[in-house]
Amino acid sequence: MDKCSVTHGEKLRLDKSADATLDLWSRTDVQTCTSWGAPVIWDGMFKPDLYDQWHKRDQSSVALTVFAVGRYLDAYLGVFLNSSEHHFMVDLPVTYYVFTDVPEKVPNIKLPPHRILKVIMVERHSRWQDISMMRMRTISDVIESDIRHHYTHVFCFDVDQVFTGRFGSEALGDSVALLHAYYYRLPKIMFPFDRNPKSSAYMETGDFYYHAAVFGGSWQSVKAMTEACYKGIMEDKENNVEALWHDESHLNKYLWLHKPTKVLSPEYCWDLKIGYRSDIHFPRLLWATKHYDTLRIA
């Protein structure tokens with residue numbers, strides 16, 4: 001990884017934002033800002049109480065989207081929701097938008113007054129790849145019909161994850177991307193971009209490799225992001241092409257052309273199978289154990 005280009009004593013040029021208080025030099029072992037001036041959030045850089053006070057004063061609110069289709073609901077949804085209640089934006093109003101083909105199986109979880117669970121019926125596709133890609137249109141549609149009228153921010157998650165530590169208001173921003181745990185230390189030549197020129201997700205190089213398991217931002221930015229990804233997916237379908245890593249490939253293309261205003265470190269989505277890393281101080285969200293052999297079948 002590169003190092004932050006902002007010189008010591010300077011701050012990021014972020015007007016009216018708690019991000020201006022970030023200590024970019026508290027983590028000299030990692031990259032704490034991008035070449036375009038967006039912060040990369042690591043443990044030790046921010047003051048949690050300050051962020052929470054700022055966003056409460058700003059009346060920030062969050063819509064969390066998660067898809068639990070087929071066997072994924074039984075395997076992961078209960079743990080995901082219960083762990084989220086302990087760690088995700090706990091002091092802010094949050095509504096969970098759970099998209100599933102079996103609404104009656106969504107577990108009942110005890111929620112405080114400022115937290116709401118909404119269950120939305122979706123079609124179950126025969127291929128997991130199609131479920132993954134079509135979520136982009138579904139998220140865009142629900143932002144237009146519902147979320148934009150009630151919430152300032154949207155965060156989109158894969159369901160096969162478990163919250164283990166604070167995933168708080170420091171993660172909020174206009175456009176938020178996540179560094180992929182398996183690629184953040186590797187040279188760009190090894191990033192798995194879609195290098196097929198026939199795909200609308202085609203890119204020869206990029207800034208980082210982002211993980212589609214977590215992305216977010218203001219509702220306006222997430223709507224633009226998901227609409228663009230869906231458009232690219234449909235263009236590929238018309239040309240009988242499928243991007244290498246499906247919606248993740250399209251998301252990386254979008255975030256290369258439209259730089260995120262905040263980047264989350266791999267602490268915000270870590271896989272314990274990677275093993276010990278000295279720069280990962282406080283994993284906040286962990287990959288759950290994958291059972292693709294039994295889950296990714298019709």
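That block above? That's the structure.
Note on numbering: residues in each chain are counted from 1, in written sequence order. For a predicted model such as this one, the threshold for reporting local features is a pLDDT of at least 70, and the threshold for listing and counting side-chain atom pairs is 80 or more; totals across whole chains, interfaces and linings nevertheless cover every residue. Remark: hydrogens and water are excluded; side-chain values derive from all non-hydrogen atoms of the structure.

S.K.: An account of the packing of aromatic side chains is requested, with residue identities and associated values reported.
M.R.: For Phe, Tyr and Trp, rings pair up if their centres lie within 6.5 Å, where Trp contributes its six-membered ring, and each pair is then called stacked (planes under 30 degrees apart), edge-to-face (over 60) or tilted (otherwise). Throughout the structure, instances matching the rule amount to 24 aromatic pairs. Ring centres of tryptophan 36 and phenylalanine 208 lie 6.2 Å apart, and the angle between their planes is 65°; on these two criteria the pair is classed as edge-to-face. Of this pair, tryptophan 36 sits in the segment before β1 (40-41) while phenylalanine 208 sits in the loop between β7 (175-178) and β8 (214-218), placing them 172 residues apart in sequence. Accessibility here uses a 1.4 Å probe with only protein chains present; expressed as a share of the type maximum, an area under 20% marks a residue as buried, one over 50% as exposed, and anything in between as partly exposed. Here tryptophan 36 falls in the partly exposed class, since its relative accessible area comes to 27%. In this structure an aromatic cluster arises from ring pairing among Phe80, Phe88, Phe155, Phe157, Phe163, Phe167 and Tyr268. The numbering of helices and of strands both runs from the N terminus, where a helix is a DSSP run of H or I of at least 4 residues and a strand a run of E of at least 2.

S.K.: I'd like a description of helix α2 (residues 71-87), backed by residues and values.
M.R.: Structural remark: α-helix, 3.6 residues per turn; residues separated by three or four positions point the same way. Along its 17 residues, α2 runs 25 Å from first to last C-alpha, staying within 8% of the 24 Å computed at 1.5 Å per residue. Fitting axes to the seven residues that end at a residue and to the seven that start at it, the angle between those axes gives the bend at that residue. Leucine 77 marks the point of greatest bend in α2, at about 45°. Burial in α2 covers these residues: Tyr72, Leu73, Tyr76, Leu77, Phe80, Leu81, Ser83, Ser84 and Glu85. Phi turns positive one or two residues past the end of α2, at methionine 89, with a value near 45°. Every helix has an expected span of 1.5 Å times one less than the residues it contains.

S.K.: Before we move on, could you go through the state of the cysteines and cite the residues and values that matter?
M.R.: Covalent bonding between the sulfur atoms of two cysteines defines a disulfide. By disulfide we mean two sulfur atoms from cysteines, separated by a distance within 2.5 Å. For the structure on display, the rule yields 1 disulfide. Each sulfur in the disulfide pair cysteine 4 and cysteine 33 lies 2.0 Å from the other. On the sign convention where negative means left-handed, the S-S torsion of about 95° between cysteine 4 and cysteine 33 marks this disulfide as right-handed. With cysteine 4 in the segment before β1 and cysteine 33 in the segment before β1, the pair connects residues that are 29 residues apart, well separated along the chain. The pair cysteine 4 / cysteine 33 is uniform in exposure class, with both members buried. Just so you know, cysteine 156 is unpaired, no disulfide at all, and the nearest cysteine sulfur is the one on cysteine 229, 10 Å from it. Judged by relative accessible area, which is 0%, cysteine 156 ranks as buried.

S.K.: Report on the environment of methionine 1, specifying residues and quantitative values.
M.R.: Residue position: methionine 1 is located in the segment before β1. Residues methionine 1 and tryptophan 245, spaced 244 residues apart in sequence, show a C-alpha to C-alpha distance of 23 Å. Note on contacts: a residue pair is in contact if any heavy atoms of the two residues lie within 4.5 Å. Residues contacting methionine 1, with those up to four places away along its chain left out, are Gln31, Trp42, Leu179 and Tyr184.

S.K.: Mind laying out helix α4 (residues 219-238), listing which residues take part and the relevant values?
M.R.: Taking 1.5 Å per residue as the helical rise, α4 with its 20 residues ought to reach 28 Å, and the 28 Å between its terminal C-alpha atoms agrees with that figure. Positive phi appears at asparagine 240, one or two residues downstream of α4, with a value of about 60°.

S.K.: Let's hear about the pairing of β8: which residues, and what values?
M.R.: Among the 5 residues in β8, 5 count as buried, and that is most of the element. Strand pairing is assigned whenever DSSP detects at least two bridges linking the two strands. Where strand β5 (residues 153-157) lies against β8, 5 bridges are found, and the strand directions are antiparallel. From the neighbouring strand, phenylalanine 155 faces β8, where its bridge partner is glycine 216. In terms of strand pairing, β7 meets β8 through 2 bridges, oriented antiparallel. For valine 176, the partnering residue across the bridge sits in β8 and is glycine 216.

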